[in-house]
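# Topology and contacts: notes
Residue-level listing of the chains:
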Amino acid sequence: MAADSEPESEVFEITDFTTASEWERFISKVEEVLNDWKLIGNSLGRPLEKGIFTSGTWEEKSDEISFADFKFSVTHHYLVQESVDKEGKDEILEDAIPQSMQDLLCMNNDFPPRAHCLVRWYGLREFVVIAPAAHSDAVLSESKCNLLLSSVSIALGNTGCQVPLFVQIHHKWRRMYVGECQGPGIRTDFEMVHLRKVPNQYTHLSGLLDIFKSKIGCPLTPLPPVSIAIRFTYVLQDWQQYFWPQQPPDIDALVGGEVGGLEFGKLPFGACEDPISELHLATTWPHLTEGIIVDNDVYSDLDPIQAPHWSVRVRKADNPQCLLGDFVTEFFKICRRKESTDEILGRSTFEEEGRGDLLFFLKHNFKYLALFFWHILWIFIYFSYLELSWKKIADITHALSKLTEPTPVPIHKLSVSNMVHTAKKKIRKHRGLEESPLNNDVLNTILLFLFPDAASEKTLDGTTSIDNSNLPSESEDYNLYNQFKSAPSDSLTYKLALCLCMINFYHGGLKGVAHLWQEFVLEMRFRWENNFLIPGLTGGPPDLRCCLLHQKLQMLNCCIERKKARDEGKKTSDNITNTYPGDVGKAADLLGPDHRKDTDKEKGEVGKSWDSWSDSDEEFFECLSDTEELKGNGQESGKKGGPKEMVNLKPEGRLHQHGRLTLLHNGEPLYIPVTQEPAPMTEDLLEEQSEVLAKLGTSAEGAHLRARMQSACLLSDMESFKAANPGCILEDFVRWYSPRDYIEEEVIDEKGDVILKGELSARMKIPSNMWVEAWETAKPIPARRQRRLFDDTREAEKVLHYLAFQKPADLARHLLPCVIHAAVLKVKEEESLENISSVKKIIKQIISHSSKVLHFPNPEDKKLEEIIHQITNVEAIIARARSLKAKFGTEKCEQEEEKEDLERFVSCLLEQPEVLVTGAGRGHAGRIIHKLFVTAQRLTESSDEAAAMAPPEEELKRVGCPEERRHNPVSDFPAPAGRELILRTTVPRPAPYSKALPQRMYSVLTKEDFRLAGAFSSDTSFF
């Protein structure tokens, strides 16, 4: 076996020299890519229009190939254009040179402001580039460069592709390309020179012409004329004569009308530095021929003032500091903080002031209070045992409630000092006055801004009114809060967001925010305990279109309204009870006329809130003994008996009569009862309720329990209806509450008369129907004596607890939509003054993007940062517009036509990469630009201070004509920052009898860069 396995273990390797090498595979891959992109043959396009390189659409396609283990990326760049007709194309194909060679001579798109570098250097509309795939890789050796160039030449010859193919060599930052373009019997070689130091003989036109002529080596004498295009670029950096008007806000100023001044309720706007850093003036001579002008190392005819074409572009400052953007960004940073208010301000401070002296007292005297209430309970049991009259027990209970309930503190004036007295006292005690994050002046100013009713004289009854006379109209800007889920721009929540934003930026940062929020929570508790309505909130239930914090404040306001109405009802009830101790029911007679007038206005309504009920005995009881109450009114027997016995009950809680409807049982008029309003709910409460209901499952028992939980309001309305209509039945209630569930039909009775006969709908007759069960359970109790559907005391304490335990990060999350809302309104306001069309489009995009992001409960930080970045960009654009208007003096123009031209020119500078100056140096805008350069040049080069401070108008007059400028030692313009030249001609090459082909050379000279890019065509058939 071993002998047999030895031959098998030997491996024979045969080298096949006919297989393709790596170089051949690379050429094949290049050809495959060119075929896939259908770049074979001549593809003629339409003649290039002027400016099409900038205004047109450029597209590119990429693929990846490799030479051995070295990867290259192949990219096809092309201008999207309509192709010529096929018939015309067939006629031209035979004698036409490739499209790229024709583009070398086109003069319509010299010096494009925004294009690929090869487009600027050679004027090509289509080309392919092969470059190293990795950014760090480079083709450095000359042998590798030649190998790649040979590969390109072979691939073009094999495929018949007439699109120029370039190879990027050396490091990418040098932008060095060599390439080739082939046609039928012709070839164009693309060559390039890149130097750091410029030889002196090539800094002017005459030296570059010598290079161009020597390179093409034309055998003809004389040489055909050379077409020349020249552009000089001048840079203006010194704006000393135009100070940037935007000043940083004064930290100590609370109110100011200056630019950038601080005013609570208004966000600042503008850039703190000039957002325009440089102005580039390009002076162009587009069509010159050799011999017309002189430009050498001794003399030059190229005067920028005499240039036929001027174009301007502005360089924007990188990330200019913008006030509005900084405000919103700094506020957004709070969202990432982890500290609580207790940790920031100190726990003892919050405990003693957030809960007040009452909580402090309860905490340290709990044992004594428990013992006290234990004795009270035994006293109550003792009196019950002795069977004292209900009146005595009520008197004792009333006395005990007076002992346990906090007595209202008489306040002569609702002032800011009263609101923050307790808090400031504790803060001074624990931290010292000088260590307080907010001083008294700032805090009082903010509180007066948030609560303007605190400064107004009010009556002692504690009533406040909400002034809605200054509310903005229902415009698109006002309704933005619906899209952003923020709050109305005139609401307390919106104002609070702005104040916290400013406090965070100017007064104490995070500590200042925590301090103001603590004072705000104290103020909310103060208003709840003293029945003061919260200003800046619309009435009614919480608006679910707003942020959750705004809903919580609205909920607290609802609680204050209910508590205030109940307390006022108690006072009225006590006065009437003292006057008529034996007959409480006569209270309604005392208020009869006025009350009847009010109720007449409510006809047609289903029910009425107890808040608006003016009857003195319409008072809600938390936990009354229903048995005792029913005994006193004879309603216990009514419950046990049927409708006949209930007829004897005294009707209570009637609102008004319901038109023509009568009770089916006894024919008495049907009265609409006074009912309780449904409990208002915020979105988090609705979520909790829906989660609880969902957890009950889909079983029959779960569905039944879910229906019972949702029928609390229905049961309350049934009890009110029974109390208002003694002797009623379920059909009577359904006819009022749900008329569609009572079906009436015309039938003929025994006498032959047509009568209406009604019955309940099918769903009302289902066994174990919730309506039937609720009707059987309901007692005839008026709304004033029912357990409240909405427990304002409990809900208010829940809201106050929610507010007190909000961290600054949570608070910032709640209020960030309001801050973004305010920022968008500020941007729209500032844009309306400038009227920039591009900014209007961006603002619409911001609104659309924000409405999608902010409607989610917890938006991602990245998306919020994008919105803030967009707002900052818009602010910078508006600041640039104002900077350019200040520099070009648009407001100083006396003629309306010139002013409009300048404003249009400034608008174009913001939106376009380069703007042509109408009239060049002789136009209105050209004279202003000339003036800017003259002033900057005098300040830079003149040593005479008086000459440096001379007005620009006098300088222009003094150097206005060319003769005076020649004798003036100081030039109007600095040395050109960039010199660009394009030389073109058509000559036969390499022999006199060769085909005349286009030749082109581009030259650019800057302070630290010199580049020559040449395209030299030659005839490969007749050489």
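Residues numbered from 1 in each chain as written. Predicted model: local features only at pLDDT ≥ 70, side-chain atom pairs only at ≥ 80, totals over all residues. Heavy atoms only, no water.

## Describing the overall build of the chain
The helix and strand inventory of the chain stands at 39 helices and 17 strands. For the chain, the residues scored as buried account for 46% of the 1023 residues in total. Counting contacts in the chain only where the partners sit at least 6 residues apart, residues at least 24 apart contribute 74% of the total. When the accessible area of the chain is evaluated, it comes to approximately 54,000 Å², of which 53% is carbon and sulfur surface. (Helix = DSSP H or I, 4+ residues; strand = E, 2+ residues; numbered from the N terminus. Buried < 20%, exposed > 50% of the residue type's maximum accessible area, 1.4 Å probe, protein only. Contact = heavy atoms within 4.5 Å. Areas by Shrake-Rupley, 256 points an atom, 1.4 Å probe, with all protein chains shown as cover.)

## Brief notes about the side chain of aspartate 543
Among the structural elements, aspartate 543 can be located in the loop between α19 (509-530) and α20 (548-579). Judged by its relative accessible area of 18%, aspartate 543 is buried. A polar atom in the side chain of aspartate 543 sits 3.0 Å from the side chain of arginine 545. Ignoring any residue separated from it by four or fewer positions in sequence, one finds aspartate 543 in contact with Tyr481, Gln551 and Gln554. (Polar contact = N/O pair within 3.5 Å; in protein donor to acceptor, adjacent residues only side chain to side chain.)

## Regarding the nonpolar core
Ile230, Met524, Phe888 and Ile929 are the most contacted members of the largest nonpolar core, which has 140 residues in total. Looking at this core, the element that brings in the most residues is helix α32 (residues 808-834), giving 12 residues. Counting residues in hydrophobic clusters, the runner-up holds 57 residues, among them Ile65, Ile97, Val167 and Val1004. (Core = buried A, V, L, I, M, F, W, Y, C linked by side-chain atoms within 4.5 Å.)

## Some points on a nonpolar patch on the surface
A contiguous nonpolar surface patch, about 220 Å² in accessible area, is contributed by Trp23, Leu147 and Ile154. Within the element layout of this structure, tryptophan 23 appears in helix α2 (residues 22-36). Under the relative-accessibility criterion, tryptophan 23 is labelled partly exposed at 31%. (Patch = residues over 30% accessible without salt bridge, like charges linked within 9 Å, V, L, I, M, F, W, Y side chains within 5 Å. Salt bridge = Lys/Arg side-chain N within 4 Å of Asp/Glu carboxyl O.)

## What to know about the state of the cysteines
Inspection of every chain in the model, using the stated rule, returns zero disulfides. Free cysteine cysteine 547: the closest other cysteine sulfur is in cysteine 818, separated by 4.2 Å. (Disulfide = S-S within 2.5 Å.)

## A few points about the pattern of salt bridges
On inspection of all chains with the given rule, the structure shows 38 salt bridges. Close ionic contact of glutamate 980 with arginine 120 constitutes a salt bridge, the shortest N to O distance being 3.0 Å. Taken together, the positions of glutamate 980 in strand β15 (residues 978-988) and arginine 120 in helix α6 (residues 117-122) put the pair 860 residues apart, joining distant regions of the chain. With respect to class, glutamate 980 is no different from arginine 120; both count as buried. Aspartate 274 is paired through a salt bridge with lysine 887; the nearest N and O atoms lie 2.6 Å apart. Taken as a pair, aspartate 274 in the loop between β7 (227-236) and β8 (276-289) and lysine 887 in helix α34 (residues 861-888) lie far apart in primary sequence, 613 residues in all. Each member of the pair, aspartate 274 as well as lysine 887, carries the same accessibility label: buried. It is possible to trace a salt-bridge network through shared partners that takes in Lys826, Glu830, Glu834, Arg882 and Lys885.

## What to know about the pairing of strand β6 (residues 186-195)
Pairing geometry for strand β5 (residues 176-183) and β6, over five bridges, is antiparallel. Note that in β6 the partner of glycine 183 across the bridge is isoleucine 186. The loop that links β5 with its antiparallel partner β6 comprises two residues; one of these, glycine 185, has a positive phi angle of about 80°. (Pairing = 2+ DSSP bridges.)

## Side note on the environment of proline 913
Its location among the elements puts proline 913 in the loop between α35 (896-911) and β14 (915-917). Ignoring anything within four residues of it in the chain, the contact list for proline 913 reads Thr54, Pro113, Arg114 and Arg313.

## Side note on the packing of aromatic side chains
Counted under the stated rule, the structure contains 27 aromatic pairs. Ring geometry for phenylalanine 933 versus phenylalanine 973: centroids 5.1 Å apart, planes at 40°, classification tilted. With a gap of 40 residues between them, phenylalanine 933 in helix α36 (residues 924-941) and phenylalanine 973 in the loop between α39 (962-967) and β15 connect regions that are remote in the sequence. Of the two residues examined, phenylalanine 933 and phenylalanine 973, each falls in the buried class. What links up through ring pairs into an aromatic cluster is the set Phe721, Phe733, Trp736, Tyr737, Trp771 and Trp775. The ring of tyrosine 802 is capped by lysine 552, whose NZ or CZ atom sits 4.7 Å from the centre of that ring. In this arrangement the basic side chain of lysine 722 is found over the ring face of tryptophan 775, its NZ or CZ atom lying 4.5 Å from the centre. (Phe/Tyr/Trp six-rings, centres within 6.5 Å; stacked < 30°, edge-to-face > 60°. Lys NZ or Arg CZ within 6 Å of the ring centre and 35° of its normal.)

## Side note on helix α18 (residues 492-506)
With 15 residues, α18 should cover 21 Å at 1.5 Å per step; its first-to-last C-alpha distance of 21 Å lies within 8% of that length. The element α18 is extensively covered by neighbouring structure, given that 13 of its 15 residues are classed as buried. Downstream of α18 by one or two residues, glycine 508 has phi in the positive range, about 90°. (Expected span 1.5 Å × (residues − 1).)

## A word on the packing of α32 against helix α33 (residues 837-854)
Between α32 and α33, the least distance of the axes is 11 Å, while the angle of their chain directions is 170°. Classified by the angle their axes make, α32 and α33 are roughly antiparallel. Here α32 and α33 pass one another in a crossing that is left-handed. For the pair formed by α32 and α33, the contact residues are Pro817, Ile820, Val824, Val827, Lys828 and Glu831 on the first element and Val839, Lys840, Ile843, Ile846, Ile847, Ser850 and Leu854 on the second. Residues belonging to the contact of α32 with α33 are distributed by class as follows: nine nonpolar, one polar and three charged. (Axes fitted to C-alpha atoms, helices over the stretch in contact; angles between N-to-C directions. Parallel < 35°, antiparallel > 145°, perpendicular 65-115°, else oblique. Left-handed = near helix turned anticlockwise from the far one by under 90°. Nonpolar A, V, L, I, M, F, W, Y, C, P; charged D, E, K, R; others polar.)

## What about the environment of isoleucine 228?
With respect to the helices and strands, isoleucine 228 occurs in strand β7. In this structure the C-alpha to C-alpha distance between isoleucine 228 and proline 286, which are 58 residues apart in sequence, comes to 7.3 Å. With residues near it in sequence (within four places) discarded, isoleucine 228 still touches Leu205, Leu209, Trp285, Pro286, His287, Leu288, Thr289, Glu290, Ile982 and Leu983.

## Remarks on the packing of α34 against α35
The interhelical angle for the contact between α34 and α35, taken along N-to-C directions, is 140°, at an axis separation of 10 Å. By the angle class used here, α34 and α35 are oblique. Like other packed secondary-structure pairs, α34 and α35 cross with a definite hand, here right-handed. Contacts between α34 and α35 pair Ile877, Arg880, Ala881, Leu884, Lys885 and Phe888 from the former with Leu902, Phe905, Val906, Leu909 and Leu910 from the latter. Here the contact of α34 with α35 is composed, by residue class, of nine nonpolar, no polar and two charged.

## Remarks on the side chain of histidine 814
Relative to the elements of secondary structure, histidine 814 occurs in helix α32. Look at histidine 814 and you get buried, because its relative accessible area is 17%.

## Re the pairing of strand β2 (residues 70-79)
Burial of β2 is extensive: seven of the 10 residues sit out of reach of the surface. In this antiparallel pair of consecutive strands, strand β1 (residues 58-67) and β2, the connection spans two residues, and alanine 68 shows a positive phi of 60°. Taken together, the seven bridges between β2 and strand β3 (residues 126-132) define a ladder with antiparallel strand orientation. Looking at the pairing, histidine 76 lines up with valine 128 of β3.

## Points about unusual backbone geometry
Between arginine 989 and proline 990 the backbone carries a cis peptide bond, its omega angle lying at 15°. Turning to its location among the elements, proline 990 is positioned in the loop between β15 and β16 (996-1006). Non-glycine residue lysine 485 carries a positive phi angle of around 55°. Tracing the chain through its elements places lysine 485 in the loop between α17 (480-484) and α18. For lysine 485, a relative accessible area of 15% gives the class buried. Backbone geometry places asparagine 835, a non-glycine residue, at a positive phi of 60°. As for its placement among the helices and strands, asparagine 835 is situated in the loop between α32 and α33.

## A few points about a negative patch on the surface
Taken together, the side chains of Glu32, Asp36, Asp63 and Glu64 define an acidic patch exposed on the protein surface. Contributions of two or more residues to the negative patch are made by α2 and β1. Assignment of secondary structure puts aspartate 63 in strand β1. (Lys, Arg positive; Asp, Glu negative; His and termini not counted. Charge placed at Lys NZ, Arg CZ, Asp CG, Glu CD.)

## Structural notes on the environment of glycine 539
In this structure, glycine 539 sits in the loop between α19 and α20. By relative accessible area, which is 59% here, glycine 539 ends up exposed. In this structure, the C-alpha to C-alpha distance between glycine 539 and methionine 555, residues 16 residues apart in sequence, is 9.8 Å.

## Some thoughts on the confidence of the model for the chain
Predicted confidence across the chain gives a mean pLDDT of 76, with 72% of residues reaching 70 or more. This model gives residues 348-356 a pLDDT under 50, and the stretch forms 28 contacts once residues within four places in sequence are excluded. Throughout residues 955-969 the model reports pLDDT below 50, and contacts reaching past four residues in sequence, or to other chains, amount to 24 contacts. (pLDDT = per-residue confidence, 0-100.)

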